[in-house]
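Reading the structure
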Amino acid sequence: QRAALWQLLPDAHMSPMRVSVSMGSSAGLEWVLTGTDTKGIGGHPPSGKKVGVRALTILWFGMHNQRVIGIDDTFFDMGTLAGQAAGASVRPVPAAPSAPSFDWFAGDTGDDEGLVQAWCDALVKGDAKAIGEMVSDDFVWTDLTRSTDAVGGPAMLAALAARRKEGLVITDANRKTIEVDIDCRSRRGPLAEHAVVEVKGGKVSALISYDRAPPGR
């Protein structure tokens, strides 16, 4: 996966934003990828433009040796990189963070974990009332496959409704140690979105969606 990335962006630079570790069994790394389009992205000729996206890497450590990485999954939106190179109206290249933050989860996150799972269940059911009641007043949905954020519960519900009109149906949502996997389908075929949920003051305060998989993934 990383070899293909270096081939696509030979000068690729990865800047960590946030590291989250849970009981030594897994870690989530949110980072910024930047580079120069010198090879061509998405079938377009090289543009020479600077491109970049936020990305999410999940590391699952070996069952018998927690210093050995068993699974390494990385997610980012290739469509945004292609759009930046082509001059389309997509998210701009993000600024590299000055220093990463570090979060340690020493065990069961208790009420917060239950809240996130309940919220995911509401997403699957399409229960707009429950979804809205569980988010904070300053909730932000940062969907990195879209050009703008949805700020506030009503805006989030409107954005979700718009996505459903496009054919999106959430069929499963599971709260895992660091990430939330949201399995969806649309008119174009199966999708998988990988997201980070943030909780503040007993409410869901942010959702950061990192990618949208192509059909068949």
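Cut-offs and rules
Residues numbered from 1 in each chain as written. Predicted model: local features only at pLDDT ≥ 70, side-chain atom pairs only at ≥ 80, totals over all residues. Heavy atoms only, no water. Helix = DSSP H or I, 4+ residues; strand = E, 2+ residues; numbered from the N terminus. Buried < 20%, exposed > 50% of the residue type's maximum accessible area, 1.4 Å probe, protein only. Contact = heavy atoms within 4.5 Å. Areas by Shrake-Rupley, 256 points an atom, 1.4 Å probe, with all protein chains shown as cover. Core = buried A, V, L, I, M, F, W, Y, C linked by side-chain atoms within 4.5 Å. Polar contact = N/O pair within 3.5 Å; in protein donor to acceptor, adjacent residues only side chain to side chain. Salt bridge = Lys/Arg side-chain N within 4 Å of Asp/Glu carboxyl O.

**Overview of the overall build of the protein**
Helix and strand content of the protein: five helices and 11 strands. Counting the 217 residues in the protein, one finds 43% classified as buried. Pairs at least 24 apart in sequence give 54% of the contacts found in the protein among residues at least 6 apart. Surface exposure of the protein reaches about 11000 Å², of which carbon and sulfur atoms provide 56%.

**Brief notes about the nonpolar core**
Among the nonpolar cores identified, the biggest contains 21 residues, and Trp119, Phe139 and Met156 are the most heavily contacted of them. Of all the secondary structure elements, the ones that give two or more residues to this core are α3 (111-125), α4 (128-133), β6 (135-143), α5 (153-165), β8 (169-175), β10 (189-200) and β11 (203-209). Counting residues per element, this core draws most heavily on α3, at six residues. When neighbours within four sequence positions are excluded, tryptophan 119 is seen to be in contact with Ile131, Met134, Val135, Phe139, Met156, Val197, Val204 and Leu207.

**Some words on the environment of threonine 34**
For threonine 34, the position within the fold is in strand β2 (residues 26-36). Judged by its relative accessible area of 10%, threonine 34 is buried. Spatially, the C-alpha atoms of threonine 34 and leucine 81 are 9.4 Å apart, while their sequence positions differ by 47 residues. Not counting the four nearest positions on each side in its chain, threonine 34 is found in contact with Asp11, Ala12, His13, Lys50, Val51, Gly52, Val93 and Pro94.

**Some thoughts on the environment of histidine 194**
In this fold, histidine 194 is placed in strand β10. Residues histidine 194 and isoleucine 208, spaced 14 residues apart in sequence, show a C-alpha to C-alpha distance of 8.4 Å.

**Here we look at the side chain of threonine 57**
For threonine 57, the location among the structural elements is in strand β3 (residues 50-61). Engagement of the side chain of threonine 57 in a polar contact is seen with the side chain of threonine 74, the distance being 2.8 Å.

**Notes on helix α2 (residues 78-86)**
Looking at α2, one finds that the buried residues are Thr80, Leu81, Ala82, Gly83, Gln84 and Ala85. Among the residues trailing α2, glycine 87 stands out with phi positive, at a value near 75°.

**Considering the pattern of salt bridges**
With the rule as written, the count across this model stands at six salt bridges. The salt bridge involving arginine 91 is made with aspartate 149; its shortest N-O contact spans 2.4 Å. A residue pair is termed long-range when its members are at least 10 positions apart, and arginine 91 in the loop between α2 and β5 (101-105) and aspartate 149 in the loop between β6 and β7 (150-151) qualify at 58 residues. When salt bridges that share partners are traced, they join Arg18, Glu30 and Glu198 into one network.

**Observations concerning the environment of alanine 86**
Along the chain, alanine 86 turns up in helix α2. For alanine 86, a relative accessible area of 46% puts it in the partly exposed group. Ignoring anything within four residues of it in the chain, the contact list for alanine 86 reads His44 and Lys49.

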